[in-house]
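Topology and contacts: notes
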Amino acid sequence: MKIDDNTVIGENGTVSCAHCAAVLGESVAQPLARALRRERPPADAGPGVRADPATYTDRPLVLRQLFCPQCLVLLATEIAPADEPSFRHWSVTR
Amino acid sequence: MPIIPVAGSERFATSPKTTAELRESVTGVRLHDIPPAAVADLDPLTYEVVRHRLTAITEEMGDALKRMSGSVVVTDCNDFGTAIFDEGGDSVQVGLVNTQLAASLDMAVKWTLENRAGNPGIGPGDMFFCNDPWVGGGLHQNDASIFAPLFYDGELFAWTGAACHQVDLGGVSPGSWSVAGRDVFWESTPVPPVKMVEAGTLRSDIEDLYLRRSRVPKLIALDLRAKIGANHVAQDRLRRLIDKYGPTAVKAVMRHMMTDAESRLRGKLRALPDGTWSSVAHQDGARAGDRAIYKIVCQMTKRADRLTFDFTGTDPQVEGFANCTFAGLRGGIMPIVLTMLCGDIQWAPGGLLRCLDIISEPGTINNCTFPAGIGKGSVASAWATQNAVSECVAEMLATDPEQAKSLMSVGCGTWDLALLAGVDQRGGGFVTMICDSMAGGLGARVDQDGVDTGGLNCIPMGRVADVEINEFSFPILYLWRREEADSGGPGRFRGGLGGSSCFIPHDSPIGGVHLVVSATGKALPQAPGLSGGYPAGTQYDVLTRGTSTRYSFAGGRIPATLDELGGDRQVMPNHAETDMGPDDVYYTHWQGGGGYGDPLLRAPDLVAADVRAGRVSAGAASGVYGVVLAGHGTVDEDATSQHRTQLRRERAGVA
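Quick look at the structure, then. All values reported here derive from a predicted model rather than from experimental measurement. (Residues numbered from 1 in each chain as written. Chains lettered and ligands numbered in written order. Predicted model: local features only at pLDDT ≥ 70, side-chain atom pairs only at ≥ 80, totals over all residues. Heavy atoms only, no water.)

**A closer look at the overall build of chain B**
Formally: In this description a helix means any DSSP run of H or I spanning at least four residues, a strand means any run of E spanning at least two, and both kinds are numbered starting from the N terminus. Burial classification: accessible surface area is computed with a 1.4 Å probe over protein chains only, and a residue below 20% of its type maximum counts as buried, one above 50% as exposed, and the rest as partly exposed. Note on contacts: a residue pair is in contact if any heavy atoms of the two residues lie within 4.5 Å. Accessibility throughout is a Shrake-Rupley quantity obtained with a 1.4 Å probe, and a residue counts as covered only by protein chains that appear here. Asp and Glu are treated as the negative residues and Lys and Arg as the positive ones, with His and the ends of the chain left uncounted. Lys charges are placed at NZ, Arg charges at CZ, Asp charges at CG and Glu charges at CD.
Tallying secondary structure elements over chain B gives 16 helices and 20 strands in all. By principal-axis analysis of the C-alpha atoms, chain B measures approximately 75 × 60 × 50 Å. Burial status across chain B gives 66% buried among its 655 residues. Long-range contacts, defined here as pairs at least 24 residues apart, represent 75% of the contacts in chain B between residues at least 6 apart. For chain B, the computed accessible surface area is about 20900 Å², with 53% contributed by carbon and sulfur atoms. Charged side chains in chain B number 58 positive and 76 negative. The centres of these two groups are separated by 2 Å.

**Description of the layout of surface pockets**
We apply this condition: Definitions used for this entry: grid spacing 1 Å over protein atoms alone; cavity, a set of points where a 1.4 Å probe fits but cannot get out; pocket, an open set with protein on both sides within 12 Å along at least 5 of 7 lines; lining residue, one with an atom within 4 Å of a point. Grid points are joined across faces, edges and corners, and a volume is the space filled by probe spheres set on the points. Throughout, the ten residues Ala, Val, Leu, Ile, Met, Phe, Trp, Tyr, Cys and Pro are labelled nonpolar, Asp, Glu, Lys and Arg are labelled charged, and all others, Gly among them, are labelled polar.
Looking at the largest pocket, its volume works out to about 680 Å³. Lining the largest pocket we find 36 residues, and of these Leu32(A), Leu66(A), Ala76(A), Arg88(A) and His89(A) sit closest to its centre. The biggest single contributor to the lining of the largest pocket is strand β6 (residues 74-81) of chain A, with four residues. Its residues assigned to classes, the lining of the largest pocket shows 16 nonpolar, 11 polar and nine charged. Here the second largest pocket is characterised by a volume of approximately 380 Å³. The wall of the second largest pocket is formed by 19 residues, among which Pro16(B), Thr18(B), Arg330(B), Leu353(B) and Leu356(B) lie closest to the centre.

**So, the packing of helix α5 (residues 99-121) of chain B against helix α9 (residues 326-341) of chain B**
Residues and elements named next belong to chain B. Cut-off, in case you're wondering: Each axis is a line fitted through C-alpha atoms, and for a helix only the stretch in contact is used; angles between axes span 0 to 180 degrees, taken between their N-to-C directions. The cut-offs work like this: below 35 degrees is roughly parallel, past 145 is roughly antiparallel, 65 to 115 is roughly perpendicular, and the gaps in between are oblique. Note: crossing handedness is left-handed where the near helix turns anticlockwise from the far helix by less than a right angle, and right-handed where it turns clockwise.
Orientation of α5 relative to α9, taken along the N-to-C sense of each, is 125°, at an axis distance of 8 Å. As summarised for this structure, α5 and α9 are arranged oblique, according to the angle between their axes. Note that α5 runs across α9; the crossing there is right-handed. On α9, the residues that touch Thr99, Gln100, Ala103, Ser104, Asp106 and Met107 of α5 are Phe326, Ala327, Arg330, Gly331, Met334, Pro335 and Leu338. Here the residues of the contact of α5 with α9 are counted per class, giving seven nonpolar, four polar and two charged.

**Quick notes on the sheet that holds strand β3 (residues 23-25) of chain A**
Residues and elements named next belong to chain A. Under the convention used in this document: We call two strands paired when DSSP finds no fewer than two bridges between them.
The three strands are arranged β1-β2-β3 in an open sheet whose pairing can be described as antiparallel. Strands with a single pairing partner mark the edges of an open sheet, and in this sheet they are β1 (7-9) and β3. Averaged over all neighbouring strand pairs, the angle between strand axes comes to 40°, with direction disregarded. Sheet topology places strand β2 (residues 15-17) next to β3; two bridges connect them, and they run antiparallel. Across the sheet, Ser16 pairs through a bridge with Val23, a residue of β3.

**Looking at unusual backbone geometry**
The general pattern is negative phi for most residues beyond glycine and trans for most peptide bonds. Residue and element names in this part refer to chain B. For the bond running from Asn119 to Pro120, omega is 10°, close enough to zero to count as cis. Following the sequence through the fold, Pro120 ends up in helix α5. Between Phe370 and Pro371 the backbone carries a cis peptide bond, its omega angle lying at 10°. With respect to the element layout, Pro371 can be found in the loop between β11 (356-359) and α11 (381-397). For Asp486, which is not glycine, the phi torsion reads 70° and is therefore positive. In this fold, Asp486 is placed in the loop between β14 (476-483) and β15 (499-505).

Geometric descriptors of this kind do not, in isolation, establish any biological role.
Put into structure tokens, the structure is as follows:
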């Protein structure tokens, strides 16, 4: 079953990369457990980030991204407070 | 000073009951009803004719409102909502304009039935006014609503309602956007439902009580009559419809519209896998000087044919004006349900809501308790709620090949408020918000880019006023209004571009204008991408003092960039209030939509076309999309392939 542009769930519940079939997670409970995780400054998201976040807040922010460990396709992107865990999760049960 | 609870205020924040529940509890007024068999016996032709007529009536209400209003916010920008309800306030049909407003009007109708039927009573020709977001009827105090019972043969047959944004209803700051506000007492005082029109007569005492608070009472009085007129139009049309088809048939259609919407939404949900999708929406700053970041957490669970939106984990309500009430939370959910799940389903929230459960703790930033500040609630926590809900619903839809075509990444992350006040070129006082950010960028989809400056999820029929209308109406001249490169979130499909406007005070007898600025999304983007797509750009507002623009104009030139303005450039904080002098120029840059998919998978030709059209900068084409352009702007295929391979490793931190 397709989950989104980049991930599929196999018959055995394994979550894989839709582009290269690399296993991203053994089960839907931790669907992206094997994904590469990287954090960078928000400005690395490109020129769309217009001003230094420090102009507006004292809280450090981070560009957080997940990648397929094999083909390095980008699986997820968010800019969020660095001291905050990611709240973006999914779990499909059927 | 902390927000101190006010005893007794709880009665204005009840959970809305269904029509069936209200039938058991309301006394003092006879509610029309029909037997279930009347719905079952409804012939399809009558259903279709009357159903379409009811839809058309909500549009006619909007037309009437626009024709009578004198506010550009209404006449040109469509910041209003209209709806028809059954006898118990369940929404039968909402209009295509501000669906946040329409999604909260039912709450006010239901509260009125419960609390006003005995005293002062609800009778033929009555109309009620409300701008209390704890009750409903709007998401902040500027959303002032008028709703009216329709009696037929002595029974309360239905309700009609209209709400629109009022440009000023008092409070510390012009436009009622009290950027320094700590609680609701800094803001326009919320008015729970009062009988504004009694047996067909506008009550002058209540009208005076209402208008006295505004800096522009004549304009507000005109809008009040516009909403009364919209209700008159609706009631006239409904009465004719009932005369023609009979009350039983019309009510059966109303019932069937809601049950049909409900059953069709349930069918869509059943076709999707069960699961849970979580998201978060951030806001930077809840008042002037506040440098904190607040989060709204949404966990959406889909089981069989129901959706549960659980906001547990959302930050507590804050000192400031960015909280929203439960009406705002609900108003954050319904626009996404309507636009993403119900594009082919009747917009009958009374039925759709039967498929939804909401879990939220009172006292949180998107379900605040009195007297928390809510002046910006509609475009602050309600909008942020909408962003979080949008992400969850879109991810759920992505799992189904057919329904995925309806998803959209988060569109324009919030409203970039530029509010002007002062003396206009005709010598009269004025207050208005410049509604240019109505042209937000829409989110990318699974098979196409987001629409550039395409609008807002919550106001499908919203629009921007012509530059000339704004210049004619208010003492300003535009230097430009345009789409902004790189404002759309990069992705395999790019988010729609946001835009910017730049203007200078002009022809005011007092020289300049007063400026109120309020916009989050400056520290971090508010329109996230999906499936690896990047978020849209951040919001960015700049006030440049003492520019040479007048001299440029005198020389026949219109500055086209901030660098050409000269002067002292000040990057504006999230929330601020100041005066603009005659040589000061304000630049407001609102948000685009989030991207979809990995930008390194975007077709290089599309990137090249975006660069040629000014939608993407050459820097972003190379640094984010990995596309190398040859001398004439065409794609260098080999160099692009190599660059993308390198960029793919660099961004993942792989040596």
